[in-house]
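Chain residues, written in single-letter form:
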Amino acid sequence: MNYKNITIAGSGVLGSQIAFQTAFKGFNVSVYDINNEAIGKAKERITSLKARYQEDLEASIKEVNNAYDRITFYTNLEEAVADADLVIEAIPEVIDIKTNFYKELAKVAPDKTVFATNSSTLLPSQFAEVTGRPEKFLALHFANEIWKNNTGEVMKHPGTNMKYFDEVIAFAKAIGMVPLPLYKEQPGYILNSLLVPLLDAAQSLLVKEVSDVETIDKTWMIGTGAPLGPFAILDVVGITTAYNITLAKAKATGNPEYQKVADVLKKEYIDKGKLGRETGEGFYKYPNPNFMKPDFLKG
Ligand code: NAD
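Residues numbered from 1 in each chain as written. Predicted model: local features only at pLDDT ≥ 70, side-chain atom pairs only at ≥ 80, totals over all residues. Heavy atoms only, no water.

Participant: What am I meant to see in the side chain of Asn-118 here?
Facilitator: Among the structural elements, Asn-118 can be located in the loop between strand 5 (114-117) and strand 6 (137-142). Asn-118 gets classed as buried once you look at its relative accessible area, which sits at 9%. What Asn-118 contacts, discounting residues up to four positions off in sequence, is Leu-14, Ile-18, Glu-89, Ala-90, Leu-140, His-141 and Phe-142. (Helix = DSSP H or I, 4+ residues; strand = E, 2+ residues; numbered from the N terminus. Buried < 20%, exposed > 50% of the residue type's maximum accessible area, 1.4 Å probe, protein only. Contact = heavy atoms within 4.5 Å.)

Participant: Please explain the pattern of salt bridges as it appears in this structure.
Facilitator: For the coordinates displayed, the defined rule picks out 15 salt bridges. Lys-41 is paired through a salt bridge with Glu-37; the nearest N and O atoms lie 3.9 Å apart. Within this pair, Lys-41 and its partner Glu-37 are both found in helix 2 (residues 36-57), separated by 4 residues, close to a single helical turn. Between Lys-107 and Glu-104 there is a salt bridge, with the nearest N and O atoms lying 3.0 Å from each other. In this pair, Lys-107 and Glu-104 are both assigned in helix 5 (residues 95-108), 3 residues apart and thus about one turn of the helix distant. Relative accessible area serves as the criterion here: at 64%, Lys-107 is assigned to the exposed category. Overlapping salt bridges bring together Arg-52, Asp-56, Glu-145 and Lys-148 as one network. (Salt bridge = Lys/Arg side-chain N within 4 Å of Asp/Glu carboxyl O.)

Participant: Where do I start with the environment of Val-178 in this structure?
Facilitator: You can see Val-178 is positioned in strand 8 (residues 178-182). For Val-178, a relative accessible area of 44% gives the class partly exposed. Along the chain, Val-178 and Thr-151 lie 27 residues apart, while their C-alpha atoms are 5.2 Å from each other. Not counting chain neighbours up to four residues away, the residues in contact with Val-178 comprise Asn-150, Thr-151 and Gly-152.

Participant: What's the story with helix 11 (residues 256-269) in this structure? I'm lost.
Facilitator: Every α-helix carries 3.6 residues per turn, so stepping three or four residues along brings you back to the same face. Look at helix 11: 19 Å from first C-alpha to last across 14 residues, which is about the 20 Å you get at 1.5 Å a residue. Three or more residues of helix 11 are buried, namely Val-261, Ala-262, Leu-265 and Tyr-269. Buried positions in helix 11, seen along its axis, are confined to an arc of 100° and lie on one side of it. Projecting away from the buried face of helix 11 at angles above 90 degrees are the exposed residues Pro-256 and Lys-267. In the core, the buried residues of helix 11 are packed alongside helix 7 (191-207), helix 8 (213-224) and helix 10 (239-253). Measuring from the backbone nitrogen of Glu-257 back to the side-chain oxygen at the start of helix 11 gives 2.8 Å, which picks out Asn-255 as the cap. (Expected span 1.5 Å × (residues − 1). Arc of directions from axis to C-beta. Polar contact = N/O pair within 3.5 Å; in protein donor to acceptor, adjacent residues only side chain to side chain.)

Given below as structure tokens:
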């Protein structure tokens, strides 16, 4: 892997983080977004990451300033990718927006450039043809707050050449991620393929009144040694996100159990302002939730 120049397309929540992390690890980064307003917001977001890196990673002021200085900003795609070894796409999760973006990118990117999508829910094979270089296209999926939650899920589609798959795995490692290879396409990658069924099962046990929040979490924590139970995890994800996902599943499947879960989340939590960890209360009260108390697992 001899990548030096990395372009991040889309500089929202994730794009800003990917740009700063990549620059922090010494790569030249160009950031592309659609207009000056979006670039202005990206500059603010990236600037605010400096303090997080100092706090969470004990980075020095010099290190974070040097990282920022390695980033250049563009509203012209052709200029942004002029010498790119890799483009990481982090634009909105909308099929038409991504399709149009890859069509444009295919016209202006140099032959050498590898394309990676950070899409959470869309599969790379949906866009492989419009990239014009399916063999050099794959997914590189990050988790929010990438400098701490450093999973780098690298996923092939059937047409990805292993050479580029291996290169992107090496790149993910070089920017401080733990690379997690997926050799086949999988909706939800590995993490959400494991996590979503767990969270669904916990919510189902609750709304069927089989047991209560704390007992369900306690069972999981004692039984597996995990530091958090499913409801503590849901508080981190945020109850609104959990509600939106469950409601979508209720509509898609017609399964009344999902609707029941959605109703409980809305009535008992969202309507009462209990949105999860960020608002101080969800299934638990923060900053000292019961599951952190020393005797939680004892009785
Ligand atoms: P966001 O809405 O915060 O940012 C999207 C950015 O893309 C904005 O700056 C917007 O101006 C820009 N944009 C819109 N159209 C564009 C175009 N045609 N070309 C270039 N830029 C364009 O979104 P986000 O949360 O950062 O998510 C981006 C991608 O990352 C999605 O595919 C999402 O699934 C994925 N993702 C998000 C998270 C998360 O926690 N937010 C985690 C992992 C992956």
